[in-house]
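# An overview of the molecular structure
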Amino acid sequence: MSGGTTSYTVETVKTSPFDGQKPGTSGLRKAVTVFQQAHYTENFVQAGLWAGLGDKLKGSVLLVGGDGRFFCEEAAHLIIRIAAGNGVSKIVIGKKAILSTPACSHIIRKYKLSGGFLLTASHNPGGPDGDFGIKYNTDNGGPAPEGVTNKIYELTKTIKEYKIVSNLKVDIGQLGTSKFTVGGEPFVVEVIDNTADYVEFMKQIFDFPAIKTFLQTKRVLLNAMNGVTGPYLRKIFVEEMGLPSDSCLNCEILPDFGGKHPDPNLTYAKDLVDIMKAGQHDFAAAFDGDGDRNMILGHRAFFVTPCDSLAVLAANLESIPYFRQNGVKGFARSMPTSEAVDKVAQRLGKDCYQTPTGWKFFGNLMDADKISLCGEESFGTGSTHIREKDGVWAALAWLSVLASTKKTVQDVLLDHWNIYGRNFFTRYDYENVSSEAGEKLIAGLEAFIKNPNSKGTTLTAPTGQKYKVAVADNFEYTDPIDGSVSKNQGIRILFEGGSRLIFRLSGTGSSGATIRVYVEEYVKSDNPSAYEQDAQAALGPLVAIALQVSKLRELTGRDQPTVIT
Ligand code: G16
């Protein structure tokens, strides 16, 4: 492939700012129609280049990859043209702009690229009426830290022009390298295979032959939910591990994810849960649109909460060659994630860090070698192998644990609770609530935590259980590596005995507000009849207190959450 000898000229296009281009928990996510407005995507990409690369912009080498959702290819072409206009020397891009988020992180690190643009709204629905998203990742392969995302936002508020080579056309449907001359300087676009680098990397991290042997006697289902993981699942589980092709479900990447919500949880992956309930399979995993989230199920749809998944992996990392070779440092979890992993850290004598929600907060800890494994209640699990959470990696990690312990998923969990006790955990999501109701709810809780009488007060559930407030605050995080401070990261009501209620507004929605209520109750290991209960039954009283103290029903008019996980 080659762009020929034509010399291209850079144009400077006049523009004006758009409101609301503030990156959320993970990049800018809006309706596709918002991104399709003239200059909207261009402004954000230009601001991303300035903020992300500063004086290293000229001559930089960037990755572009996306989850295949509607508008990905158009956005990729725009990024190529704007990058060319800004003196970027090379773009590395997946064929048809397709790369999973974990693969993007790996490729940036492996080839020592300057950074990259990830085109995804993750688990949000896609299609012309769905959502699109753009995220800038830095040269460590991870999401840009807040310093950079804040700078992007500031730049989008004052942007007056962007640079572009609007007539530059590249065929991104074919592997190979295209060379151009832009303003007298060389500009290269390299289209790479979607899965090769990532699959190769997984083979270095895990013991593929051991997993393959284990899988010979097991029935397994892997659900790509029509997101980006389909081709990765086929390569790894069908071609490498020899599973029958019908083990991998919904593996065709669809621009609208088949009209579904590509979010691997009990609500949006209910089809998989129902198949698992029939009892024909031993293990299942599902992945989100861009492949960084995972849900793990055992026989008869035994659900592993992401919090427990993190804790179990932390306790069993020696099952995985990568950790046997590199050793295990500390662990980290986002604040709303249950304290199950803390208990493993304590027993193993490791540090355990508590960060705000958002994978970007783990980056510094990983780069400083403070942690080896981290995770979030929002179905994210990952390690230092890259700087994003990694769905397929998590499934392989679980299969490694099962292969080495020779136990079922349920028995792994029962044994874990028997040692550490159980942190019952659930999250209630109220999606698409009005922004006003969301803000009022947080304001009411702010008043509760600021009231000096709240600490020490006892809250009583309608069923009589009592919980005494030990701490009530709005979580603030000081990054132990760079000292940066992130305030207002979620209302915490912490009770004596280790139970917790957390309230936050989601930072990944594209309109209105999503209220998240996180509920956790700890039961000690000496009480098997308590820790073997159904989680929703065990958490009922605390959920009732959460609804009371937040006045959620009154403020939102909602009787039921949209999603319970
Ligand atoms: C993103 C972030 C995660 C975060 C999740 C939920 O995940 O990368 O760190 O936990 O959003 O955030 P919120 O509660 O603010 O909606 P993803 O998979 O959407 O990129």
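Residues numbered from 1 in each chain as written. Predicted model: local features only at pLDDT ≥ 70, side-chain atom pairs only at ≥ 80, totals over all residues. Heavy atoms only, no water.

### Here we look at the side chain of Thr514
- Among the secondary structure elements, Thr514 is positioned in strand β27 (residues 513-523).
- Overall, the relative accessible area of 11% leaves Thr514 in the buried class.
- Each residue touching Thr514, except ones within four places of it in the same chain, is listed here: Tyr430, Glu431, Asn432, Arg504, Leu505 and Ser506. (Helix = DSSP H or I, 4+ residues; strand = E, 2+ residues; numbered from the N terminus. Buried < 20%, exposed > 50% of the residue type's maximum accessible area, 1.4 Å probe, protein only. Contact = heavy atoms within 4.5 Å.)

### Let's talk about the site of the ligand
- What surrounds the ligand is a group of 19 residues, the closest being Thr25, Glu376, Ser506, Thr508 and Arg516.
- In this structure, Asp292 approaches the ligand through a side-chain N or O atom, which is 3.5 Å from an oxygen atom.
- Here an oxygen atom of the ligand and a backbone polar atom of Trp359 are 2.8 Å apart.
- Protein contact buries 99% of the 460 Å² of open area that the ligand shows by itself.
- Placement of the ligand is best described as lying within the largest cavity.
- Taken together, the residues that form the shell around the ligand break down as one nonpolar, 10 polar and eight charged. (Near = heavy atom within 4 Å. Polar contact = N/O pair within 3.5 Å; in protein donor to acceptor, adjacent residues only side chain to side chain. Areas by Shrake-Rupley, 256 points an atom, 1.4 Å probe, with all protein chains shown as cover. 1 Å grid on protein atoms, 1.4 Å probe; cavity = no way out; pocket = protein on both sides within 12 Å on 5 of 7 lines; lining within 4 Å. Sits in = over half its atoms within 2 Å of the grid points. Nonpolar A, V, L, I, M, F, W, Y, C, P; charged D, E, K, R; others polar.)

### Side note on empty space enclosed by the protein
- According to the stated counting rule, one finds three cavities of 30 Å³ or more in the structure shown.
- The computed volume of the largest cavity comes to approximately 250 Å³.
- Forming the boundary of the largest cavity are 27 residues, of which Thr25, Ser26, Arg293, Lys389 and Thr508 lie nearest the centre.
- Here the lining of the largest cavity is built from residues that sort into three nonpolar, 11 polar and 13 charged.
- Roughly 80 Å³ of internal volume is contained in the second largest cavity.
- Of all the secondary structure elements, the ones that give two or more residues to the lining of the second largest cavity are β7 (131-137) and α5 (146-158).
- Taken together, the residues that form the lining of the second largest cavity break down as eight nonpolar, four polar and two charged. (Points joined across faces, edges and corners; volume = space filled by probe spheres on them.)

### Topic: the UniProt feature "domain: Alpha-D-phosphohexomutase alpha/beta/alpha" (unreviewed entry) in the protein
- Feature annotation in UniProt assigns "domain: Alpha-D-phosphohexomutase alpha/beta/alpha" (unreviewed entry) to the following positions: residues 21-162, 197-297 and 310-419.
- In residues 197-297, the share of helix is 36% and the share of strand is 15%. The end C-alpha atoms are 28 Å apart.
- End-to-end, the C-alpha atoms of residues 310-419 are 15 Å apart, and along that stretch the chain is 47% helix and 17% strand. (UniProt positions renumbered as here; feature names shortened; annotations may be inferred.)

### Observations concerning helix α8 (residues 230-240)
- Along α8, the residues classified as buried are Gly230, Tyr232, Leu233, Ile236 and Phe237. Projected onto a plane normal to the axis of α8, the buried residues spread over an arc of 160 degrees and lie on a single side. (Arc of directions from axis to C-beta.)

### Quick look at the pattern of salt bridges
- One pass over the full model with this rule turns up 26 salt bridges.
- Glu239 is the salt-bridge partner of Lys235, the closest N and O atoms lying 3.5 Å from each other. Here Lys235 pairs with Glu239, and both are found in helix α8, just four residues apart, close to one helical turn.
- For Lys235, a relative accessible area of 31% gives the class partly exposed.
- The partner of Asp415 in a salt bridge is Lys407, and the shortest N-O contact between them spans 2.8 Å.
- A relative accessible area of 33% places Asp415 in the partly exposed class. (Salt bridge = Lys/Arg side-chain N within 4 Å of Asp/Glu carboxyl O.)

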